[in-house]
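What follows is each chain in one-letter form.
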There are 2 protein chains.
Amino acid sequence: MNQRRQMHLGVFVLGTGNHIAGWRYPGAAQSFEDLSVVQEIARIAERGRFDLIFLGDNLASEPGMHPSFAARFEPLTMLAALAATTTHVGLGATASTTYNEPYNVARAFASLDHLSGGRAAWNAVTSSGGKAADNFGRIHPEHDARYEVAEEFVDVVRGLWDCWDDGAVIRDHATGRYIDPAKVRPLNHEGRFFRVKGPLPTSRTPQGQPIILQAGSSAPGLALAARTADVVFAVVQDMEEARAGYVALKSRMPGFGRDPATLAVLPGVMPVVGRTEAEARARLNLLQSFVNTDNALAMLSSRLGMDVSGFPLDALVPDLPLPDSSHGFARVMLAKARRERMTWRDLFNLTGAARGHWVICGAPESIADTLQEWFEAEACDGFNILPPYFPGGFADFVDLVVPILQERGLFRREYSGTTLREHLGLARPRSRLFD
Amino acid sequence: MNQRRQMHLGVFVLGTGNHIAGWRYPGAAQSFEDLSVVQEIARIAERGRFDLIFLGDNLASEPGMHPSFAARFEPLTMLAALAATTTHVGLGATASTTYNEPYNVARAFASLDHLSGGRAAWNAVTSSGGKAADNFGRIHPEHDARYEVAEEFVDVVRGLWDCWDDGAVIRDHATGRYIDPAKVRPLNHEGRFFRVKGPLPTSRTPQGQPIILQAGSSAPGLALAARTADVVFAVVQDMEEARAGYVALKSRMPGFGRDPATLAVLPGVMPVVGRTEAEARARLNLLQSFVNTDNALAMLSSRLGMDVSGFPLDALVPDLPLPDSSHGFARVMLAKARRERMTWRDLFNLTGAARGHWVICGAPESIADTLQEWFEAEACDGFNILPPYFPGGFADFVDLVVPILQERGLFRREYSGTTLREHLGLARPRSRLFD
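It should be emphasised that the depicted structure is a prediction, and the values quoted were computed from it without experimental measurement. (Residues numbered from 1 in each chain as written. Chains lettered and ligands numbered in written order. Predicted model: local features only at pLDDT ≥ 70, side-chain atom pairs only at ≥ 80, totals over all residues. Heavy atoms only, no water.)

Draft legend 1. Local environment of the environment of Ser251(A). Residues and elements named next belong to chain A. Here Ser-251 lies in helix 7 (residues 239-252). As for Ser-251 and Ala-226, which are separated by 25 residues in sequence, their C-alpha atoms are 8.5 Å apart. One polar contact links the side chain of Ser-251 to the main-chain carbonyl oxygen of Ala-248, over a distance of 3.0 Å. (Helix = DSSP H or I, 4+ residues; strand = E, 2+ residues; numbered from the N terminus. Polar contact = N/O pair within 3.5 Å; in protein donor to acceptor, adjacent residues only side chain to side chain.)

As structure tokens, then:
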């Protein structure tokens, strides 16, 4: 049983729940601006031996959005706070390659890696929503241009993480030398988009390189992930589609000199768990009954990245051209809507539930069966769990489903390491500048 | 005694000590990349009922620098980690107005204010060291140009903090409305340097406006502080100079419609405390004996912001023109060197000790006497304490000097509030966008 391939599990944290109306569920957390809420979520994640906590981000806010997107902690400060009150779970945060400087991103994640003893992960995104541009006095770049910048941005960040060799901090009391200057080098990057000298004012981190997460599904997104990502979050609705995506991504890796086993693909899934199928179904129905359709078409427009506000809510979703290749959500959702002859209201209900992610509703055994089936079919290497509400919707998964996965030898019973890199089974890399 | 004007105390944290060789002192902390070190410092600060912890920053690193500048945590992530393990002390971090975006700065400090329950403070600096520019592919702007940007940058940040009115998050379970859209507005800033729409994805913070710190001493720096700062850190070596600077700063405030009592001026001071004068002197001598002069002129050049590497170390400091008006340290230090006929070696020893700050060495009573004299002469409103090493050099001040200040009715025995704004005696402002 020890040799069995092991699942990896992440939890996608939105304080009021991943379901848009999660906060209305009896007993659910009411805020994503409350440290005690996210500390409780982190405690449950460690109780469940999860690989990592994952935070998305948005660089714009509108009052009608999902409550946890409208009013939230900034991801890096929130994870730094959790670093001080957790011991094992990985801490992954989103930071945009379009609206940041590589030096600042490299530095913040290096700091988080030190603060957490080696548990930092950076979700590199290019910011698909154009509204961020208005907060930075910019024109939002086109999709492919964003990815050209992202390719260089990721390289600069990883280069900065390599500027300090291990053992550079010597603290020699006899001579008074604190740092060995031979073990610190500038990066001297001069590229198309960035000119960055380095080094960071931060020594080599516990993981050597913090973990790189990505979620892109377009062709440039998959290329970036195949070249640089350690973990990929996928949007899925169908196992065969997921298998095809998994193969497509992993098959690109040898071309970049990488072993496909060094990348974990984790599809997002919202589990609605009951002790029985009927209880689970009743919970999902109760959650859906809380969804307010007043802003349905505006929210759908925002989620799909295209203006659909002119359609009647109860009209069938027509065959629409996609705005650009960046919108994995839009592609998956519109394909599903056409396949299943859904109305905009149906599509909104599905989007409201899990923001376009796969929803799985049932008793613990049946949920575990489905996850095992996907995992063993090599549709994925584990899952990014999107609890509909916190803490109860997450505790149900951890306390009812995880023990079954452990019993079946599919998931760890105890952490065997302390760093996220160790949880993922990845070696700690040497600095390429000193190799 | 209750009516007596009260001192404010901050502590300037560098993990290896403010003294360049502080880490070599027996028992001293060895790293500024160790969470347990900064947690211990924070515990001592709260035991001493300090107003705030203060973190400087640098956006470049060289192995020969002060150890805590060469290898350190990034300030905001470090303070966020401390937010989770402290309850009262204010958390102040430096962020540059030259190498950041106002939206990102506003957001990070708003998040820190939520995480800490109202203890965030932003030290707005323009980054005097030009080496940062090489890490951002930029030409370092001239001093006055940096301050023109800073004036607008601070206004944008404060404007973004005002975009949410109190009570905007309503969480109405009956209607499903989470946010009252009438209480959230965009900023729609369009200025010379920045175009920022807003709002932040963060509701109005516990302090309403996080505290603004500043340390500029040039004419534009004083103007910015007089208009916008709640706390100013001053570089001093002489009480009469400090009094003059205090009056100059406070007298500008009414011109901006501000009450001078709403700004606390805290000069930096390195206390070297012994149970007796002789013990204190022996400690300072021991610290100074650890100073390595190998890189003395390079370090002085960096600290003064001008190249002095061509001078012999034992030559008298000549009468030199100052590079530009931004270098408060250079001005104070070169004036002192000429006044006291110091050599470059003397100047290096002074700079190495406290990086240009005032050093006060003695028994607890005499240190308390001096601090009281400055405070009562209205040379300041309190002090920013720069312990030479941690934790002992700070614990000595807190356990031996603070009780005397408390006994004399000059400093609080207990916190009377929980926010930094309350510690400083400042009212919580209404949002100007909704007033």
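Draft legend 2. Fine view of the packing of helix 3 (residues 75-83) of chain A against helix 4 (residues 102-115) of chain A. Residues and elements named next belong to chain A. Two elements in contact, helix 3 and helix 4, have axes whose closest approach is 9 Å; the angle formed by their N-to-C orientations is 15°. The orientation of helix 3 relative to helix 4 falls into the category roughly parallel. By crossing handedness, the relation of helix 3 to helix 4 is classed as left-handed. The residues of helix 4 that touch helix 3, namely those facing Leu-76, Leu-79, Ala-80 and Ala-83, are Ala-108, Phe-109, Leu-112 and Leu-115. Per-class residue counts for the contact of helix 3 with helix 4 are eight nonpolar, no polar and no charged. (Axes fitted to C-alpha atoms, helices over the stretch in contact; angles between N-to-C directions. Parallel < 35°, antiparallel > 145°, perpendicular 65-115°, else oblique. Left-handed = near helix turned anticlockwise from the far one by under 90°. Contact = heavy atoms within 4.5 Å. Nonpolar A, V, L, I, M, F, W, Y, C, P; charged D, E, K, R; others polar.)

Draft legend 3. Here's a closer look at the interface of chain B and chain A. Each side of the interface is counted separately: chain B has 67 residues, and chain A has 67 residues. Counting each side, the surface lost to burial between chain B and chain A is near 5,600 Å², with a carbon and sulfur contribution of 56%. Connecting chain B to chain A are two salt bridges. A salt bridge links Asp57(B) to Arg107(A), with the shortest nitrogen-to-oxygen separation between them at 2.6 Å. For the side of chain B that touches chain A, the element with the most residues is helix 4 (residues 102-115) of chain B, which contributes seven residues. A class-by-class count of the residues in the side of chain B that touches chain A yields 32 nonpolar, 21 polar and 14 charged. (Buried area = accessible area lost by both parts, 1.4 Å probe. Salt bridge = Lys/Arg side-chain N within 4 Å of Asp/Glu carboxyl O.)

Draft legend 4. Just helix 8 (residues 277-289) of chain B, in detail. Residues and elements named next belong to chain B. Taking 1.5 Å per residue, 13 residues should reach 18 Å; helix 8 reaches 18 Å between its end C-alpha atoms and fits that length. Along helix 8, the residues that are buried comprise Ala-280, Arg-283, Leu-284 and Leu-287. Projected down its long axis, helix 8 shows its buried positions confined to an angular sector of 95°, all on one face. Of the residues in helix 8, the exposed ones pointing more than 90 degrees away from the buried face are Ala-278 and Ser-289. In this structure, the buried residues of helix 8 make contact with strand 11 (264-273), strand 12 (358-362) and helix 13 (392-407). (Expected span 1.5 Å × (residues − 1). Buried < 20%, exposed > 50% of the residue type's maximum accessible area, 1.4 Å probe, protein only. Arc of directions from axis to C-beta.)

Draft legend 5. Structural context of the relation of the copies chain B and chain A. Between chain B and chain A, the superposition needs a rotation of 180° and an axial shift of 0.0 Å, giving an RMSD of 0.0 Å. Here the copies are linked by what is in effect a two-fold axis. Judged by C-alpha distance, Ala81(B) is the residue of chain B that lies nearest the rotation axis, at 2.0 Å. Interface residue correspondence from chain B to chain A reaches 100%, placing this contact among same-surface, isologous pairings. (Least-squares fit on C-alpha atoms with pLDDT ≥ 70 in both.)

Draft legend 6. Here's a closer look at the pairing of strand 3 (residues 90-96) of chain B. Residues and elements named next belong to chain B. A large share of strand 3 lies buried, amounting to seven of its seven residues. Alternating residues of strand 3 divide into Gly-90, Gly-92, Thr-94 and Ser-96 and Leu-91, Ala-93 and Ala-95, and every residue in both groups is buried. Inspection of the sheet shows strand 2 (residues 52-55) paired to strand 3 by four bridges, in the parallel sense. By the bridge assignment for strand 3, Ile-53 is matched with Leu-91. Here six bridges tie strand 3 to strand 4 (residues 120-125), and the two strands are oriented parallel to one another. Bridge assignment links Ala-95 to a residue of strand 4, and that residue is Ala-124. Handedness of the crossover joining strand 3 and strand 4 through helix 4: right-handed. (Pairing = 2+ DSSP bridges. Right-handed = clockwise from strand over helix to strand, strands pointing away.)

Draft legend 7. Layout of the packing of aromatic side chains. Counted under the stated rule, the structure contains 30 aromatic pairs over all chains. Aromatic pair Phe50(A) and Phe397(A): ring centres 6.3 Å apart, planes at 85°, arrangement edge-to-face. A residue pair is termed long-range when its members are at least 10 positions apart, and Phe50(A) in the loop between helix 1 (35-47) and strand 2 (52-55) and Phe397(A) in helix 13 (residues 392-407) qualify at 347 residues. Here Phe50(A) and Phe397(A) have matching classes, each one buried. Here the aromatic cluster, defined as three or more aromatic residues joined through ring pairs, consists of Phe50(A), Phe390(A), Phe394(A) and Phe397(A). We note Arg72(A) situated over the ring of Phe69(A); from NZ or CZ to the ring centre the distance is 5.4 Å. We note Arg5(B) situated over the ring of Phe375(B); from NZ or CZ to the ring centre the distance is 4.0 Å. (Phe/Tyr/Trp six-rings, centres within 6.5 Å; stacked < 30°, edge-to-face > 60°. Lys NZ or Arg CZ within 6 Å of the ring centre and 35° of its normal.)

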